[in-house]
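Close look at the chain arrangement
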Amino acid sequence: MLEQLNEIEKSAMDSLQTIDNESSLDAWRVTHLGRSSALMQVFSGLGALSKEERPVVGQAANRVKIALEAAFADKTGAVKKSALERSLNEETLDVTLPGRTIHVGRLHPSTQQLRRVLAILAEMGFQVYTSREVETDEMNFQLLNFPPHHPARDMQDSLYVATEERGDNPILLRTHTSPGQIHAMRQFAAMNPKDPPPIRIALPGMCFRAEQITARSEVQFNQVEGLAVGKGITLSDLKGTLVEFAHRMFGQNARTRFRASYFPFTEPSAEMDVECFVCGGKGCAVCKNSGWLEILGSGMVHPVVLQNGGYDPNIYSGFAWGMGPERQLMLRYKIEDIRYFWGNDIRFLEQF
Amino acid sequence: MKLPISWLKDFIDLDGLSVEDIARKLTLAGLEVDGIQYVGLPMPVYDEGEKHEFKTSGIAWDKDKIVVAEVYEVKPHPNADRLTLLDLFDGQQQQVVLTGAPNIFHLKGAGKLSKPIKVAYAKEGATLYDGHADGLVLTMLKRAKIRGVESYSMVCSEKELGITEEHEGIIILDDDAPVGMPLADYMGDAVLDISILPNMARNANVIGVARELAALTRRELKKPTIKFKTDGESIEELVSIEITNPELNPRFVLGLIRNVEIKPSPYQIQRRLKLAGMRPINNIVDATNYAMLELGEPLHAFDYDVLKERAGKKNIKIITRPAKDGEKLVTLDNVERTLSSLNVLVCDERGPLSLAGVMGGLESEVYDSSKEILDAKGVEIKDGEIPQGKVSIRSRSTANILLEGAAWNFINIRRTAKQHNLPSEASFRFSRGVHPALAETGVKRGLQLMAQWSNGIVAPGLVDEYPLKPKSSTVTITPKDVKRLLGIELSVEEIVELLERLEFKCKIRGSEIGNRKSAKKAKPITSYESQITVTAPPHRLDIGEGVVGVADVLEEVARVHGYDRIPSTTMADRLPPQIGNPIHEWEERLRDILVAIGFDEVVSYRLTSVESEARLGITGDYVRITNPIAPERSVMRRSLVASVLDSLEHNIRLSESLSFFEIGPIFQPVKNDLPNEPRKLAMAMSGLCDASAWDVKDSKSFDFYDMKGRIELLLSGLRYTNVSYASTDSVKYLHPGKAAQIKIDDQTVGVFGELHPLVKEKYDLGDAPVLVAEFDLETLRALNPTYAITPVTEFPPVLEDIAVIVDESVAASRVEALIRQTGGKSVTNVRLFDVYRGDQIGSGKKSLAYSLTYQAPDKTMTDAEAAAIRNKIVKRLEQEVGAKLRG
Ligand SMILES: [Zn+2]
């Protein structure tokens, strides 16, 4: 009996040696450890043995079973490992084939830039204020201290809307977002006409000028204005606020320069230049060799404008500034043709 | 404005200031220098990486190699008829120089000149512009043999030295030019190109800029001393003036100069005029232009004898008045102009003489019989653009000049210059405001220059009508105002010092310490509350009164103090009420969702044409532009769908799949009032559902349900729940069978569908279906829902598929609604996963297969419970829509 067990063990072990795949392993297990295997028959034959033989053979059979199972487990591990190695070697992709993509939507570059600007302004406490795009001459010009026929109107050629005769107050497409200053001041002042609350707003929106559409000029463009009105707001606050804005917008090391300028609705007025971020101020085509980029126009809100907005200029003061998101993008990305913005060519849009 | 530095030097000492220093100071003070053109002076040299400051062009003249020389004989060239050889002395040695200059040719062979000619002489190795090249090409002067004669140097034309484009003749300098002096020292220059802001018209002249620079650098302004001899009968005996409307013509001044000899102005004067952008004409016209550029007062010279003749035996009487409608005047550009009552005329008793402040008349202009050349006043001068074909009635050159300096209403001049399309140096200045005080100074300066350059004799006196003096603006400011608006602490004395530099008159009063006299020794004599009464100088019209005047004066304080010296501070005021902008925020959310579901945002022109939108069948009134820049941009859009379709059309061949959206206003006209500007969302898509790839082929095209799915995503992203769709055939641009209204709580918020085939034909949109959607954002936003998040249960659901057979006519949405209603809270999801039609279920029928999720919130749903619910659903469907459960 014991010899038979040794035979069983040896032949099982021998046949296990030759196995190199998982299906043969399964077959081996059925043959050598399955219900009808020789080893199992030894177990089932134990009852027929004498009392003395039974424990001896039982123990031996158990030892063989344990040995075969251990060998089987080892072999299974080895076979699986080599099968895995084989498949890893075989399953090699051409990683250079292009991937399958999905279409991802994009915001228009102007929206992206408006968001950047408005996000910074929001953190600085300036809330978004929007107003209409078609305005009266009164809102767009007169209340902003551009009297009829004033030379400053040369700076902003307007597109007029056909109406019946309206004298000095025709309807036009707003040439800047500044009518929103009057709308906003009046709205805020109405909250408490005797002591109007302070204002800090950002005015984004589309503006229009009677200009031919060329690489350098457009009939419509976005503008963002900032407006702060309150008690004790000074020109030095204007400088401080705009320098902070420039640092957020163009980097903490952005150098700025303030030049005296003229806008009818601010006084004193200033132009803020930022050191050219294309050439670092050394001079290049983008900054026309000046090292500076004109980024925004600004100034202390003109007393007439404060008055027209319901704020007493003897008590209140404020500042405003305006800038163009498309111009900022053109400078940043060296875009040479402003017509790309409303052309909506996907080859342009895709680059943002 | 182009300003030669040499001219500036007449009025301010520039020692120690480089051209760049000057440009920088002016730029920061609001006189922005757009560029610097060097014409002889040394140019700045930038090292690699060094910062530039200004757009720079031009040429520096080498001091060793370009000098003043004198020609004492013009000899013929042995081998060339058209060339001459100049014997000249360059200050060190005799030279023989070859030239083909026509303006010296007439002296060929005349022997030794009685008076030597001064020229600009360039030696071998000098860098010059090539006189014969197109445009500006720098070249170095090299030794060469021309027709057998060795040439190693040259006499220069203006082009070669970068003064003008003129390259035919050589420069003939003034007689007093010092021989041997480096030309750069004699007349090296740099020209600043300065932008004049509308409120700085007072600085559109040399003195104005010099005054600013003097204030900015604390230097002295050397005002010109105007002195000349007078002789003969006083003008006051000969001429009178009548001003009919002082509002239009506050002042009119006339002077008289006799026996002028019309000839070219001195070369240095011509050079300055050229660098300033004006064409020299003759000494008289040049004197008017020179005085204008220098002082800012445009002048006009009349031929006195022409006026005298017109007046007959009477004295000359000048009348200024508005023109009569339809009145005619031939201006000196030989154009007959039909005038309107808007225009103001300078007339005599016979009729109009000139268009006031804008352009002179032909008949009385200064006439030079030796040259059929026009008075340049009022004409924009370009090289080689002398109007041709003029025949003068006069045979004799002008000898006696009546010189006009006047003040006009700037708005009137502006409108007149625009009406007749006559921009000029004079109308540029008059249309921005010239102080009447300058009329007198201008006439005197003009007479002085004419006397100097023409040997004329000025008649004693001026005729000066000054009916409307401008109010001199007086403003009171305090150091407290300075602090309140500029944020800087300046003492009274500092403020006064700053303002006096710009010639403001200041008086200090109201010192709280008390009487100024007694306090003089005790410091301080002034305080924070002290008042400074400031009066604007008599060349300024830009200082207002009251609170506006305060702002005007404070701006000057800030400018002269220097914007760069104002500190940067943080606003100390309380924070404003937070009102936010819910509309803007909501639209931004819409954009984010649309981008997330694959749409690209476009932004289109608000301006379009009726024809373009007519393709969509849009009719009715438009917001029309009276002065459109182009016919295709002549109205404001009324359809946002039209805008996105334009973008789709533009890109249709650029991509296999396009999905666009735009958010923005459309414009609906309101009679004689502001239009409505409702905000809309438009979406459009066309092309392939899936991006093709090397193993993805034959992707299907977007259809109705692709658009619908995206709309569902958009609306569920915005948390709308009670959304329903109803077919519609009333949207003109949509396919009547493939169009739907989108409803929320039974309110229509938008429509979508496939573009109508007939509409699509009008666009170039390819073969694939085009899907469009349009939402009214105001309606949609008004329905903005509140919502809560449903808890996520831990208990497992029961999933089950059921298929029901219904008639074709039964809408899928109805079946789904019945399932949801019947299932109630226990059915948490209903998803249609198959629609089948075929013989197995009979014609006119369809099978709808749904995947249902049964769920109890607080326990595990059993199969039996789920089956009970399903049975209820099936029964309900049988009753309501005659559905049969498919086995
Ligand atoms: Zn640059």
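All chains use their own residue numbering, which begins from 1 and follows the written sequence. Just so you know, chain letters begin at A and ligand numbers begin at 1, following the order they were written in. The predicted nature of this model means local features are confined to residues of pLDDT at least 70 and side-chain atom pairs, given and counted, to a pLDDT of 80 or more, with totals for whole chains, interfaces and linings taken over all residues. For side-chain calculations, the full set of non-hydrogen atoms in the structure is used, while hydrogens and water are omitted.

Quick look at the overall build of chain A
- We count a stretch as a helix when DSSP gives it H or I for four or more residues in a row; a strand needs E for two or more, and each element gets its number in order from the N terminus. From N to C terminus, chain A includes 12 helices and nine strands.
- Relative to the compact-globule value of 20 Å for 352 residues, chain A shows a C-alpha radius of gyration of 42 Å, a clear excess of over 25%.
- When its C-alpha atoms are laid out on the principal axes, chain A stretches across 130 × 50 × 45 Å.
- Going through the 352 residues of chain A one by one, you find that 55% of them count as buried.
- Note on definitions: a residue-residue contact is assigned when non-hydrogen atoms from the two residues lie within 4.5 Å. Partitioning the intrachain contacts of chain A with sequence separation of at least 6 by distance along the chain shows that 67% fall at a separation of at least 24.
- Using a 1.4 Å probe, the Shrake-Rupley method yields the accessible areas, and only the shown protein chains count as cover for residues. When the accessible area of chain A is evaluated, it comes to approximately 15600 Å², of which 51% is carbon and sulfur surface.
- Charge assignment in this entry is limited to Lys and Arg as positive and Asp and Glu as negative, and neither His nor the chain termini are counted. By convention, charge coordinates are those of NZ in Lys, CZ in Arg, CG in Asp, or CD in Glu. Measuring between centres, the 37 positive side-chain charges of chain A sit 3 Å from its 42 negative side-chain charges. Between the two quantities, the radius of gyration covers C-alpha atoms and the globule rule is 2.2 Å times the number of residues to the power 0.38. Only protein chains enter the accessibility calculation, which uses a 1.4 Å probe; a residue is then buried when its area is under 20% of its type maximum, exposed when over 50%, and partly exposed in between.

Considering the overall build of chain B
- Secondary structure summary: chain B contains 22 helices and 43 strands in total.
- Taking 29 Å as the expected radius of gyration for a compact globule of 887 residues, we find that chain B reaches 42 Å, considerably beyond that expectation.
- Overall, chain B is about 130 × 90 × 65 Å in size when its C-alpha atoms are taken along their principal axes.
- With 887 residues in all, chain B has 54% of them scored as buried.
- Put simply, 69% of the contacts in chain B that link residues at least 6 apart link residues at least 24 apart.
- Of the roughly 40000 Å² of accessible surface on chain B, a fraction of 49% belongs to carbon and sulfur atoms.
- If the 113 positive side-chain charges of chain B are averaged to one point and the 128 negative ones to another, these points end up 3 Å apart.

Quick look at the interface of chain A and chain B
- Opposite the 111 residues of chain A that make contact, chain B presents 95 residues.
- The three residues of chain A that bury the most area against chain B are A:His149, A:Arg200 and A:Ile346, which together make up 7% of that side's buried surface.
- Throughout this description, the term salt bridge denotes a Lys or Arg side-chain nitrogen within 4 Å of a carboxyl oxygen of Asp or Glu. Where chain A touches chain B, the interface holds seven salt bridges.
- A salt bridge links B:Arg606 to A:Glu133, with the shortest nitrogen-to-oxygen separation between them at 2.7 Å.
- Any N or O atom pair separated by 3.5 Å or less is treated as a polar contact, with the protein-specific requirement of one donor-capable and one acceptor-capable atom, and with residues adjacent in sequence counted only for side-chain atom pairs. Connecting chain A to chain B are 55 residue pairs in polar contact (both at pLDDT 80 or more).
- Counting residues per element, the side of chain A that touches chain B draws most heavily on helix α8 (residues 235-250) of chain A, which supplies seven residues.
- Taken together, the residues of the side of chain A that touches chain B break down into 51 nonpolar, 33 polar and 27 charged. Accessible-area loss on putting two parts together, using a 1.4 Å probe and summing over both, is the definition of buried area adopted here. Under the convention adopted here, Pro, Cys and the residues Ala, Val, Leu, Ile, Met, Phe, Trp and Tyr are nonpolar, Asp, Glu, Lys and Arg are charged, and Gly plus all remaining residues are polar.

A look at the confidence of the model for chain B
All names here are of chain B.
- What pLDDT reports is the predictor's confidence in each residue, on a scale of 0 through 100. Confidence along chain B averages 91 in pLDDT terms, with 95% of residues attaining 70 or more.
- The model gives residues 372-393 a pLDDT under 50, and that stretch makes 46 contacts with residues more than four places away or in other chains.
- In the model, residues 512-522 has pLDDT below 50 throughout and makes nine contacts with residues more than four positions away in sequence or in other chains.

What about the side chain of A:Arg200?
- Residue placement: A:Arg200 occurs in strand β4 (residues 199-208).
- Look at A:Arg200: it is buried, it has no salt bridge, and the nearest opposite charge is B:Asp573 at 5.5 Å.
- Within polar-contact distance, the side chain of A:Arg200 engages the backbone oxygen of B:Asp573 at 3.4 Å.
- Dropping the residues within four chain positions of it, A:Arg200 is found in contact with A:Gly125, A:Phe126, A:Gln127, A:Leu227, A:Ala228, B:Met571, B:Asp573, B:Arg574, B:Leu575 and B:Pro576.

Regarding the coordination of the zinc ion
Residues and elements named next belong to chain A.
- Metal coordination here is assigned from N, O and S atoms located within 2.8 Å of the ion, or within 3.2 Å for Na, K and Ca; omission of water means that sites may look incomplete. On the protein side, the zinc ion has Cys276 (SG), Cys279 (SG), Cys284 (SG) and Cys287 (SG) as donor atoms, found 2.2 to 2.3 Å from it.
- Relative to the metal, the four donor atoms surrounding the zinc ion lie at angles of 102 to 112 degrees, and the coordination shape comes out tetrahedral.
- If you list the donors of the zinc ion from N- to C-terminus, the spacing comes out as C-x2-C-x4-C-x2-C. Like Cys287, Cys279 is buried. Key to geometry: four donors with every angle between 85 and 135 degrees are tetrahedral; four donors are square planar and six octahedral where opposite donors lie over 155 degrees apart and all remaining angles lie between 65 and 115; all other sites are irregular.

Things to note about the sheet that holds strand β29 (residues 600-601) of chain B
Residues and elements named next belong to chain B.
- Ordered by their spatial adjacency, seven strands build an open sheet running β29-β32-β35-β39-β38-β37-β36, and the pairing between neighbours is mixed. Strands at the two margins of the open sheet, each flanked by one partner only, are β29 and β36 (723-727).
- At least two bridges found by DSSP between two strands is the condition for calling them paired. As judged from the five bridges shared by β36 and strand β37 (residues 734-744), these two strands associate in the antiparallel manner. Bridge pairing links Ala726 to Gln741 in β37.
- Note on definitions: angles span 0 to 180 degrees between N-to-C directions of axes, and those axes are lines fitted to C-alpha atoms, for helices only across the stretch in contact. Lying on the sheet, helix α15 (residues 582-596) is in contact with β29, β32 (657-665) and β35 (679-687); it crosses β32 at an angle near 175 degrees.
- Against the sheet, helix α17 (residues 640-651) engages β32, β35, β38 (747-755) and β39 (770-776), with an angle of about 150 degrees to β32.

Re the pattern of salt bridges
All names here are of chain A.
- The full count for this structure, using the stated rule, is 75 salt bridges over all chains.
- Between Glu294 and Arg259 there is a salt bridge; the shortest N-O distance is 3.5 Å. Highlighted residues: Glu294 in strand β8 (residues 292-301) and Arg259 in strand β6 (residues 256-263), separated in sequence by 35 residues.
- On the basis of relative accessible area, Arg259 is assigned to the buried category, the value being 2%.

Some details on the domain arrangement of chain B
Residue and element names in this part refer to chain B.
- With domains assigned, chain B is organised as domain 1 (2-60 + 190-217), domain 2 (66-187), domain 3 (235-384 + 393-465), domain 4 (474-514 + 527-564), domain 5 (582-782) and domain 6 (798-885).
- Either an automatic procedure or a domain database provided the assignment from which the domain bounds are taken. Computed over C-alpha atoms only, the centres of domain 2 and domain 3 are separated by 38 Å.
- Domain 2 puts 10 residues into the contact, and the matching count from domain 3 is seven residues.
- When the buried surface of domain 2 facing domain 3 is broken down by residue, Ile163, Asp174 and Met187 rank first, second and third, together holding 54% of it.
- Applying the counting rule to domain 2 against domain 3 returns one salt bridge.
- When the shortest N-O distance is used, the salt bridge between Glu158 and Lys274 registers 2.7 Å.
- The interface formed by domain 2 and domain 3 holds five residue pairs in polar contact (both at pLDDT 80 or more) in total.

Some remarks on helix α11 (residues 479-486) of chain B
- For α11(B), the full list of buried residues reads B:Pro479, B:Val482, B:Leu485 and B:Leu486. Along the axis of α11(B), the buried positions cluster into a sector of 140 degrees, meaning they face one direction only. Directions pointing from the helix axis toward each C-beta atom define the arc.

Quick word on helix α10 (residues 325-333) of chain A
- Of the positions making up α10(A), those classed as buried are A:Pro325, A:Glu326, A:Gln328, A:Leu329, A:Met330 and A:Leu331.
- Taken together, the buried residues of α10(A) touch α5 (109-123), β5 (220-231), α8, β8, β9 (316-323) and α11 (340-343) of chain A.

Considering unusual backbone geometry
- That bond from A:Glu267 to A:Pro268 is cis: its omega, -10 degrees, falls within 30 degrees of zero.
- As for its position among the elements, A:Pro268 is in strand β7 (residues 266-275).
- With a phi close to 55 degrees, B:Asn259 is a non-glycine residue in the positive phi region.
- Along the chain, the position of B:Asn259 falls in the loop between β15 (251-258) and α5 (267-275).
- Despite not being glycine, B:Glu503 shows a phi value in the positive range, around 70 degrees.

Re the nonpolar core
- To form a nonpolar core, buried Ala, Val, Leu, Ile, Met, Phe, Trp, Tyr and Cys residues must be joined to one another through side-chain atoms within 4.5 Å. Counting residues in hydrophobic clusters, the biggest one holds 90 residues, and the most contacted among them are B:Leu8 and B:Leu192.
- Ranked by residue count, the leading element in this core is helix α6 (residues 283-295) of chain B, at eight residues.
- Grouped together as the second largest cluster of nonpolar side chains are 66 residues, A:Cys276, A:Cys284, B:Leu485 and B:Ala536 included.

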